[in-house]
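Analysis of the macromolecular model
So the chains spell out like this:
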Amino acid sequence: MGRGLVGILLLVTVVPVVGDDLETHWSWTLVGPFGGEARRLAVDPHNPHRIFVGTCDGQLYLSEDGGESWRALWGFHRPGLCVSDILVDAEDSQTIYVGGWSVFAENGGGIYRSRDGGRTWALLPGTEGHAVRALAQAPSAPRVLIFGALDGVFRSEDRGESWRRISPAGDPEIRNIESVAIHPRSDQVLYVGTWHLPWKTTDGGRTWVKAGSRETGILDDSEIFSILIDERDPELVWLSACTGVYRSVNGGRSWVRLTAMPSRSRRVLVLARLAGQSEVLFAGTTEGLWRSGDGGATWRLITNRKLTVQDIALHPREPQRVLIATEEAGIWISRDVGMTFRPSNRGFSSWVITGLLVDREVPGRIYCGVMKGGIEGSLFISEDGGMSWRPGGRVFGSVRVILQSRREGRRLWVLTDMGLFISDDRGGGWRRGPPLPEEIRQLAETRDGKILALTASGLFRYDEARDHWERLHPGSDWAVVHVGRTGRIWIGAEGRLLVSTDEGTSWMERELPRRLGRVHVFLEHPEDPELLFVGTSWGLYRSRNGGRDWERCAHGLPHADVTAIAVRPDGSGEMSVADYRTGAVYFSSDRGETWRRIDRAVWRAWIVAFDPHDRDRVFAASTGGGIYVGMRRAHAVGQRAGP
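In short, a report on the structure. The structure presented is a predicted model; accordingly, all values stated were derived computationally and were not measured.

Section: the overall build of the protein chain
Check the secondary structure of the protein chain and you find one helix and 59 strands. Its C-alpha atoms give the protein chain a radius of gyration of 27 Å, within 12% of the compact-globule value 26 Å for 643 residues. C-alpha extents for the protein chain along the principal axes are approximately 80 × 60 × 45 Å. A total of 643 residues make up the protein chain; the buried ones form 63% of that total. In the form shown here, the protein chain has an accessible surface area of approximately 24,600 Å², with 48% of it arising from carbon and sulfur atoms.

Examining the pairing of strand S44 (residues 468–474)
Two strands pair when backbone bridges link them, and strand S43 (residues 458–463) and S44 are joined in this way by six bridges, in the antiparallel orientation. Across the sheet, residue Leu459 finds its bridge partner in S44, namely His473. Hairpin remark: S43 followed by S44, antiparallel, with four residues in the connecting loop; positive phi at Asp467, about 50°.

Some words on the sheet that holds strand S7 (residues 71–72)
One open sheet accounts for four strands, arranged S4-S5-S6-S7; its pairing is antiparallel. Every interior strand has two partners, whereas the edge strands, strand S4 (40–44) and S7, have only one.

Some details on the side chain of Ser588
You can see Ser588 is positioned in strand S55 (residues 584–588). Among the polar contacts made by the side chain of Ser588, one reaches the side chain of Asp590 at a distance of 2.8 Å. Setting aside chain neighbours within four positions, we find Ser588 in contact with Gly573, Glu574, Met575, Glu593, Thr594 and Trp595.

Structural notes on the sheet that holds S43
Strands sit in the order S41-S42-S43-S44 across an open sheet of four strands; the sheet is antiparallel. The outermost strands of the open sheet, each flanked by one partner alone, are strand S41 (440–445) and S44. Averaged over all neighbouring strand pairs, the angle between strand axes comes to 25°, with direction disregarded. Sheet topology places S41 next to strand S42 (residues 451–455); five bridges connect them, and they run antiparallel. Bridging across to S42, Leu443 finds its partner in Ala453.

Description of the environment of Ala479
Tracing the sequence through the fold places Ala479 in the loop between S44 and strand S45 (480–483). On the basis of relative accessible area, Ala479 is assigned to the buried category, the value being 5%. Sequence-wise, Ala479 and Glu494 are 15 residues apart; in three dimensions their C-alpha atoms are separated by 8.0 Å.

Section: the pairing of strand S58 (residues 617–622)
Burial analysis of S58 places six of its six residues in the buried class, the great majority of the element. Taking every second residue as pointing to the same face, both faces of S58 are buried, with Arg617, Phe619 and Ala621 on one and Val618, Ala620 and Ser622 on the other. In this sheet, S58 lies alongside strand S57 (residues 605–610) in antiparallel orientation, the contact comprising five bridges. For Ala609, the partnering residue across the bridge sits in S58 and is Phe619.

Topic: the pattern of salt bridges
Applying the stated criterion across every chain yields a total of 49 salt bridges. Among the ionic pairs, Glu161 bridges to Arg115, the shortest N-O distance being 2.8 Å. Remark: Arg115 occurs in the loop between strand S10 (109–114) and strand S11 (122–123) and Glu161 occurs in the loop between strand S14 (152–156) and strand S15 (164–165); sequence separation between them is 46 residues. A salt bridge links Glu231 to Arg273; the nearest nitrogen and oxygen atoms lie 2.7 Å apart. Of this pair, Glu231 sits in the loop between strand S20 (224–229) and strand S21 (237–241) while Arg273 sits in strand S24 (residues 268–273), placing them 42 residues apart in sequence. Residue classification places Arg273 among the buried positions, given a relative accessible area of 12%. Linked by salt bridges that have partners in common, Arg568, Glu574, Arg615, Asp616 and Arg632 make up one network.

Overview of the state of the cysteines
Evaluated as defined, the whole model comprises one disulfide. In this structure Cys242 is not part of a disulfide, and its nearest cysteine sulfur, from Cys82, lies 18 Å away. Given a relative accessible area of 22%, Cys242 falls into the partly exposed group.

Definitions and limits used
- Residues numbered from 1 in each chain as written.
- Predicted model: local features only at pLDDT ≥ 70, side-chain atom pairs only at ≥ 80, totals over all residues.
- Heavy atoms only, no water.
- Helix = DSSP H or I, 4+ residues; strand = E, 2+ residues; numbered from the N terminus.
- Rg over C-alpha atoms; globule rule 2.2 N^0.38 Å.
- Buried < 20%, exposed > 50% of the residue type's maximum accessible area, 1.4 Å probe, protein only.
- Areas by Shrake-Rupley, 256 points an atom, 1.4 Å probe, with all protein chains shown as cover.
- Pairing = 2+ DSSP bridges.
- Polar contact = N/O pair within 3.5 Å; in protein donor to acceptor, adjacent residues only side chain to side chain.
- Contact = heavy atoms within 4.5 Å.
- Axes fitted to C-alpha atoms, helices over the stretch in contact; angles between N-to-C directions.
- Salt bridge = Lys/Arg side-chain N within 4 Å of Asp/Glu carboxyl O.
- Disulfide = S-S within 2.5 Å.

Here's what the structure looks like:
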């Protein structure tokens, strides 16, 4: 995310959480915004209404109504795992396999298996440490599984209990496997697609031959994303690649490139076909979903071109229903064989939330910014406390910060990777803000309404009357900027803290504890200017005397990676922090003296905010699972809360 971004800072699933003192418990509701990146789809071969979807941040969702609504499978919690394949066992629908690779490490990943329909999961021995990119089950021998990874091809003959390598170790060509397809009548015959070209074995992996090259019709350096084998005529094979769609009628000995699709849409990420209808093909590309009714001779775009289609799900018992997983708009569904599509994301949220602002003047109004964004932009607005959302205008690029003016609540500042944008009517319309020729890390506003921007070269202040940015303080390592209720300006970095009491004219230095870790967020308590908090990669630290002395907040709060600090604005002493390392939300009712965790139903929270209009409500935003509303409910001491 970057240091600056970390520092800035209806179907629902409700899970009650019991407080440690049994006096209160919190129930958490995922409220969206629904949508985001959907990576992989899988339909239960025995039940067309049971569909799984996986994300690139280790989430798994289930629909039991044909994709109309979704619920998170909380037992599968693998942050940082990009789901590359989901496989429902052909003979036992309660057995599910999920393969993936780590977004943080080249040799991270593996295959997880559930035997109880997705409630509990275990990493299969022999798959750990492999960046799994493809997984397949042999149609003729369901006990046989094949997975392809960056380091080769592996086979199991006991449904994943044990594995052995079937590609040559260290082979310079049969590596970086992206796709696998097994012959419908023989588990000894399979194709694998690499980042370069396809390969084939007819003897279970003892020998391999190149199944495509420039000489046989496939352009060099074609990354093979998916492979289809016709179940009635196994000599008929299709490939999708970064260079388009290819077809072979002789088991891969020669290929024809199907060139009817426009060249700009030829990066074809996935192919699918209706069972028993070899002429009907669907191609998911970086520019929408395409359909062919004549085996690929001609193609027609059947969705919005702005969609990047990463997977396609079909079922032979309900051929009229087509589901697609998109990179920027979640799951879309068609009930008429692709004639029309609509988003179907109720209960599914896979956004990286980068900004969360609860309007201090208008009850129920919330602003949410996301990374990358979808076809409707990267800013969402709710008018009903998060229960529903609408696009907040075409704010370009990923949202990094949302700021509400201290002096005029209708004015919003939004920082994106395309620059600053300003709204004077709470998001109704937008105009470009003043350009600054440096990347802005954080925003803040002074007591008199002037905007501060923290960059890699220091702190700047915008003079609106002169339309000019002026540098208040130089420095390349500053991580946070904060303006207290008294008007003091604070800027901080690892081991250093500066404060100005005269609007940036002069600065005084305060020393932070050594080995405190990376500084993410700073807060001057609104009720007590001498009470300061700093959230770091090693925990939450507090000063009771304006920054001269510091102590770690440790009573119930571990060495958390604190990326957000929130204070309830009613003077009650309630606070909340988010731990990026574990995604936990902690709560204090005594200005940080003691803490307890309250979030056990939230997916990787890293932003928290109190509702200024409801003292029993708190919001938590996640790095890949949307926004949650936490509601506090009082109980008599000793009363047992629900499960």
